[in-house]
Each structure stands twice: as structure tokens, then as C-alpha cells.
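The chain contents come next:
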Amino acid sequence: TRMWRRGANLEGDVANFVETEQLVEIDGLRSSFMQIRGSIPLLWEQIVDLSYKPRLRIISHEQTSEVVERHFHDILQRYGETIALDLTDKHGDEGQLSAAYASEMQKLPDVRYVSFDFHHVCGSTNFDNLHLLYDQISEEFEKQRYFLVDKEGNILEEQKGIIRSNCIDCLDRTNVTQTFFAQESLNTQLKRIGVFDSSECISMFAEDYVKFRTLWAEQGDEISLEYAGTHALKGDLVRYGKQTLGGKIKDGMSAISRYYLNNFHDGIRQDAMDLISGRYSINRNGPSPFQLNGFETLSYLPVASALIVGGLTLTTFTLQQAGRNTQQFMASVLWAGVTAGVMAVVKANGRQFCSRPRLCGLL
């Protein structure tokens, strides 16, 4: 799940690693273009603590360089020449993580690493600014080609490399960027097949262009639903090339849903995934991983929430009566103090009030 599986494990496997293949079939000719995404292959975490955006923490480990090397060695073996696109911000916690990633990538001369601050360059509306990224890697991108086979099964083209994209979640910014490169490749493929002449592109054909964008938006939603529990943000950028009012409202609702799921539901969901996938093996002779230990979310969170809501209600009510006598004023001060105290306890122990996985550790 989104917050409980970040970065890489010691074997070099990364969270939210997804291989996406775009397939085209016309008059018996079949072509494909493949891209991959995956979390930044360092050891890092972002533990939920009731805040809207928990702090990122890079885990200092003696095997960090080996982890990065293992990850990209596997990608090079499977896909060939690799371009690693890092779409994260270059300031704040993301900036520190990006800088650490860039530092490790300097040790891997066989991989082309490109840092591109998506939020700074594209913002929320300037989707076309991805051409600035394309210009940086256009030569390598065109050399990687795509796969093409004719009616008789003869291979006419082979894809000779891969683009690996990441942001923090490898969802929203990554979806938009992968759609852009898929469109560039599709134009090249259709020209090679003879569907387009040298001056035509998919965006000139409205009906087909809508289908193309819809396919990529829906696959972004499916990946996001599995990893984050909601539809992808920035879906309008993929569907329409711009954000709409309806899209902003939808993004806001999805952001609220992600907050709730991350803090109060994903720990249990991660346990279910670990159990079903076989990552966790049941030990009938060992202690239960679900034995109470310290604060327990299901026991304490409702009590804390009730105290906060009740305290705010009583504080408001007594303040309305405070002008009549000193006793009411003191009651208002008392309830305000109780409410503030409970809120301080909840904030200080935010991690303990969140749903967290019990079966497997982060690494």
C-alpha cells in the first residue's frame, strides 16, 4: 500500500513497480511500446502520523549503493538501455530524497539519469512543457524504438531499451509523463506502418485521440486504486490535457480519501496483501503479531475523537454563556484546556493512532 511500501528492499525490489505495454494492431501488423515505473530505489520511509503529508526519512544503511546497483542491474538485464526519469520536487523532503538518488546514480554510468521537477516546470496546467523533458532525451528515446511484427510473424522492429519513470508515489505525475511518451511512440509507429504521413499525428484525429487518452487515464486509475485506494490525481491532464473544475473537485475528494485510507485503513490492507502473497508465513508456535502493544488504534482513536469533539462543543457552548457569570467562564477555560491537551496527546502520538501493518517489517 502507498505509505507502508516505499522505496526498495535489500534485494533491490521496489514498491509500485509496474510494467505498462501499449499495444497496437492494424491490418495484421502488431506493434508495442513498453515503459516501467517504480519507487525511488533507495531505503526510505514515510510513516503516517495523522499529518496530511508525513515527513520523508532516508534510512541510512551500509548496503544502500548495493541496493541501487541490484535494482538497475536487473532492469538492464531485462530491458536493455535504461533512461531513469526522476519527476520529484527539488526542494523540501522530496528534494533531499531526489538529491540522494542523483548521488547514487552517478555511480552507475550505464544508466542515463534525468532529473525533471514536474511541479515546477509543468505546474497544474502546462502539460505541453513535457516537451522540455523530451528534448533532453529525444536522441536516446528514438534509438530505443518499439516492437513491430508483420502478418507473417516477421520481426520488423525491436524495442532496445526502456524508460523508467518515478515521482514519489509513482502515480499521478508518472501517469501524465508516461502518457506523453506513449503518444510520441504511437505517432512514430503509425508513421512507420503507413497510417500517418510525415506531417500527421494522433492529436489531429479527435475521436481516436479521445480513445487514446481515455485508455491511459483508466490504466492510471487502476494502478492508483491498487496502490493508494483511490483514482489517480491529475486525471484531467491525461484525459483533456488540462485541468477542469470538475477534475479539481474530484482530485480534492480523492486526496481526502487517500488521507483517511493511509491513516486508518492501509495497515490492515497491507497485512492482507502480505498474507495472501505469501510474504508472511504463519508460525503456529510463535506469539500472535496482533497482540496489543501500547496504544491500540481501534481502542483509543474513537475515545480521543469523542473527547476532542465533545470538548470543542462544550467550549463553544460555555463561551456563549460566559458573559453571565465567572463560573461559566472558568468552565469554558477548563474545557478548552482539556480539548487542547487531548489534541496535543494525539498529535504527539500520531503514529500510534494510525492503522499500521503487523505482519511484516518495512524492509
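Scroll up for the structure.
### Quick notes on the environment of Asp110
Step number 1: Along the polypeptide, Asp110 turns up in the loop between helix H2 (92–105) and strand S6 (111–115).
Step number 2: Each C-alpha atom of the pair Asp110 and Thr82 lies 7.9 Å from the other, and the pair is 28 residues apart in sequence.

### Observations concerning the packing of helix H5 (residues 172–193) against helix H6 (residues 206–227)
Step number 1: Where H5 meets H6, the axes come as close as 10 Å, and the angle between the chain directions of the two elements is 145 degrees. In the crossing of H5 with H6, the sense of the turn from one axis to the other is right-handed. Of the residues in H6, those in contact with Asn175, Gln178, Thr179, Ala182, Gln183 and Leu186 of H5 are Tyr209, Phe212, Arg213, Trp216, Gln219 and Gly220.
Step number 2: Classifying every residue of the contact of H5 with H6 gives five nonpolar, six polar and one charged.

### Examining the packing of aromatic side chains
Step number 1: Summed over all chains, the structure comprises ten aromatic pairs.
Step number 2: When the centroid spacing of 5.1 Å and the interplanar angle of 75 degrees are considered together, the rings of Tyr101 and Tyr113 count as edge-to-face. Highlighted residues: Tyr101 in helix H2 and Tyr113 in strand S6, separated in sequence by twelve residues. For the residue pair Tyr101 and Tyr113, the accessibility class agrees, reading buried in each case.

### A look at the pairing of strand S9 (residues 161–166)
Residues in a regular strand point their side chains to alternate faces of the sheet.
Step number 1: Burial analysis of S9 places six of its six residues in the buried class, the great majority of the element.
Step number 2: Burial of S9 is two-sided: the residues Gly161, Ile163 and Ser165 facing one way and the residues Ile162, Arg164 and Asn166 facing the other way are all buried.
Step number 3: In this sheet, S9 lies alongside strand S2 (residues 29–37) in parallel orientation, the contact comprising two bridges. Paired with Ile36 across the strands is Arg164, a residue of S9.

### Side note on unusual backbone geometry
Step number 1: Phi at Asn16 takes a positive value of approximately 50 degrees, unusual for a residue other than glycine.
Step number 2: Asn16 gets classed as buried once you look at its relative accessible area, which sits at 13%.
Step number 3: Positive phi outside glycine occurs at Lys234, with the angle close to 60 degrees.
Step number 4: For Lys234, the position within the fold is in the loop between H6 and helix H7 (235–239).

How each quantity is defined
Residues numbered from 1 in each chain as written. Predicted model: local features only at pLDDT ≥ 70, side-chain atom pairs only at ≥ 80, totals over all residues. Heavy atoms only, no water. Helix = DSSP H or I, 4+ residues; strand = E, 2+ residues; numbered from the N terminus. Axes fitted to C-alpha atoms, helices over the stretch in contact; angles between N-to-C directions. Left-handed = near helix turned anticlockwise from the far one by under 90°. Contact = heavy atoms within 4.5 Å. Nonpolar A, V, L, I, M, F, W, Y, C, P; charged D, E, K, R; others polar. Phe/Tyr/Trp six-rings, centres within 6.5 Å; stacked < 30°, edge-to-face > 60°. Buried < 20%, exposed > 50% of the residue type's maximum accessible area, 1.4 Å probe, protein only. Pairing = 2+ DSSP bridges.

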